[in-house]
Amino acid sequence: MDDVTGGTNDPGGTPLVELVDVQKHFGDLHVLKDINLTVRKGEVVVVIGPSGSGKSTLCRTINRLEPIDSGSIRVDGAELPEEGKALARHRADVGMVFQSFNLFAHRSVLDNVTLGPVKARGIPAAEAKAEAMTLLERVGVANQAHKLPAALSGGQQQRVAIARSLAMHPKVMLFDEPTSALDPEMINEVLDVMIDLAHEGTTMIVVTHEMGFARKAADRVVFMADGQIVEEATPEEFFTAPRSARAKDFLSKILTH
Amino acid sequence: MIDLSPLSDAVGTLFSDYDVLAAFWMTVKLTGFSLVGSLVLGTLLAVMRVSPIPSLQLGGAIYVNLVRNTPLTLIIVGCSLGLYTQLGLVLANPSSGTFIVDQNFRLAVVGLSLYHAAFVCEALRSGVNTVPLGQAEAARSIGLTFTQSLVLVVLPQAFRGAVAPLGNVIIALTKNTTVAATIGVAEASYLMKVMIEFRPDVLFLIFGVFALGFVCLVLPVGILMTALSRRLAVAR
């Protein structure tokens with residue numbers, strides 16, 4: 001299917017995540033309608049839209065936390081497995097950062113980061129631990145490594161969650177409203193980590209309301225409303241000259257204050 | 001001032017004529033073995049009930065609802081008459097001199113374990129419900145399989161959330177061991193019946209001794225489990 005709205009992404013990159021004619025219903029509610037989206041290697045795509053537009057659901061279908069009704073989703077050329085060990089292996093390759101952090105509450109920060117590499121990848125504990133410390137250093141919470149998640153601030157917890165995902169060396173990172181549950185003063189510490197990742201060439205799909213992040217780090221903005229992709233454009237184009245009425249309406253509501 | 005010497009004399013005679021401590025030790029052993037059995041089976045049932053496989057869910061649900069709603073006496077007597085007398089299930093060495101005692105003890109442990117597993121399962125399931133869905137989603141998103149998510153992330157938190165209800169199961173189990181007397185296991189209540197038979201003159205005293213004995217057994221369990229549930233609570 002032709003990319004009628006976008007065409008702004010680097011045509012040279014190889015497609016990493018491809019969604020073709022994806023449909024999903026929650027009962028009678030058609031939450032994803034005819035979704036076609038290609039994300040290329042190294043690309044940072046920001047998905048925005050009003051609440052209930054299906055953007056979180058879209059994000060969650062890519063590692064099959066939400067199964068789809070029809071259509072196809074491919075990551076790195078391979079169709080998503082239905083279930084079982086193959087699906088677990090797929091999920092190991094797709095990093096996910098949640099709105100509510102979801103750190104394992106009964107394990108230390110360090111254990112949170114090493115659990116995946118040790119148990120899902122079979123990496124020796126000492127090696128996993130060393131890398132985890134490097135990652136925690138990188139996101140600025142290495143001094144909290146032996147505490148339980150509940151002892152950390154929201155911003156720190158979310159940075160640990162990012163480190164936990166990075167420890168799996170994912171092909172693509174999904175961020176499902178990573179700053180929506182944070183106090184305002186903690187949002188930037190998380191966004192800074194994400195901006196660094198983006199500049200390092202990590203492939204990212206980010207559901208967010210942070211326009212600043214979109215402007216600074218995104219290659220492309222995908223605007224969703226009522227379960228459909230309404231508009232795709234560069235951040236500059238989208239924020240200064242949105243084409244669709246829905247996007248104009250949405251931007252006028254969030255940018256006026 | 002009331003003279004208490006006749007009372008203390010009577011208690012002294014009771015304890016010297018009957019081995020009350022040995023009877024309570026039997027109660028403790030019944031409780032201990034049955035607790036291990038019911039924890040193992042109950043965990044298995046809980047895993048079945050929270051699994052995504054419909055036939056396992058159904059199996060777990062049927063077991064729990066059938067066993068939980070059957071009187072314990074029926075299950076214990078069923079173990080003795082059904083498993084042993086009818087089906088010939090032998091759990092002890094038939095040539096040993098203590099065969100009947102061993103066999104009855106082990107049948108009682110089987111019955112108590114089968115029965116309390118249903119309650120352990122439900123206590124654990126209530127613990128699983130204290131674990132937010134996001135924990136399992138995060139576990140799956142880093143590539144853990146269903147079993148790994150359950151064993152490494154969900155169940156450890158579920159056990160912590162289930163400590164208080166599990167405490168109630170242990171308390172009930174301790175007192176329910178008295179039903180084993182119906183198949184001739186010489187635990188506390190069995191001895192109590194014997195003592196009442198021969199010393200009806202000190203009936204209330206005998207009741208008092210055994211009531212106090214059970215309180216002494218059970219009270220620390222309650223205190224311990226309450227302390228544990230505070231200590232192990234998962235901070236969120």
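Cut-offs and rules
- Residues numbered from 1 in each chain as written.
- Chains lettered and ligands numbered in written order.
- Predicted model: local features only at pLDDT ≥ 70, side-chain atom pairs only at ≥ 80, totals over all residues.
- Heavy atoms only, no water.
- UniProt positions renumbered as here; feature names shortened; annotations may be inferred.
- Pairing = 2+ DSSP bridges.
- Helix = DSSP H or I, 4+ residues; strand = E, 2+ residues; numbered from the N terminus.
- Axes fitted to C-alpha atoms, helices over the stretch in contact; angles between N-to-C directions.
- Contact = heavy atoms within 4.5 Å.
- pLDDT = per-residue confidence, 0-100.

Looking at an unreviewed UniProt entry, one finds chain A named Amino acid ABC transporter ATP-binding protein and attributed to Flavimobilis rhizosphaerae. UniProt's Sequence similarities (unreviewed entry) comment on chain A is quoted here verbatim: "Belongs to the ABC transporter superfamily." UniProt annotates chain A under Subcellular location (unreviewed entry) with the comment "Cell membrane".

**Section: the sheet that holds strand β8 (residues 204-207) of chain A**
Residues and elements named next belong to chain A. One open sheet holds the six strands; their spatial order is β6-β7-β8-β3-β9-β10, and the pairing between them is mixed. The sheet is open, and its two borders are formed by β6 (94-97) and β10 (228-233), each paired with just one other strand. Sheet twist, expressed as the mean angle between neighbouring strand axes with direction ignored, is 20 degrees. Of the pairings in the sheet, the one linking β6 to strand β7 (residues 172-176) comprises four bridges and is parallel in character. Its bridge partner being in β7, glycine 95 is matched across the sheet by methionine 173. Helix-sheet contacts for helix α9 (residues 245-255) involve β3 (44-48), β9 (220-225) and β10, and the interaxial angle to β9 is about 95 degrees.

**Observations concerning unusual backbone geometry**
Residue and element names in this part refer to chain A. Even without a glycine there, the phi angle at glutamate 177 is positive, about 45 degrees. You will see that aspartate 226, though not glycine, has its phi angle at about 50 degrees, which is positive. Along the chain, the position of aspartate 226 falls in the loop between β9 and β10.

**Examining the confidence of the model for chain A**
Residue and element names in this part refer to chain A. Per-residue pLDDT for chain A averages 90, and the proportion of residues at 70 or more is 95%. Taking the mean pLDDT of every element in chain A, the minimum, 88, falls on α9 and the maximum, 96, on β8. Note on residues 1-10: pLDDT under 50 across the span, and 18 contacts to partners over four residues away in sequence or across chains.

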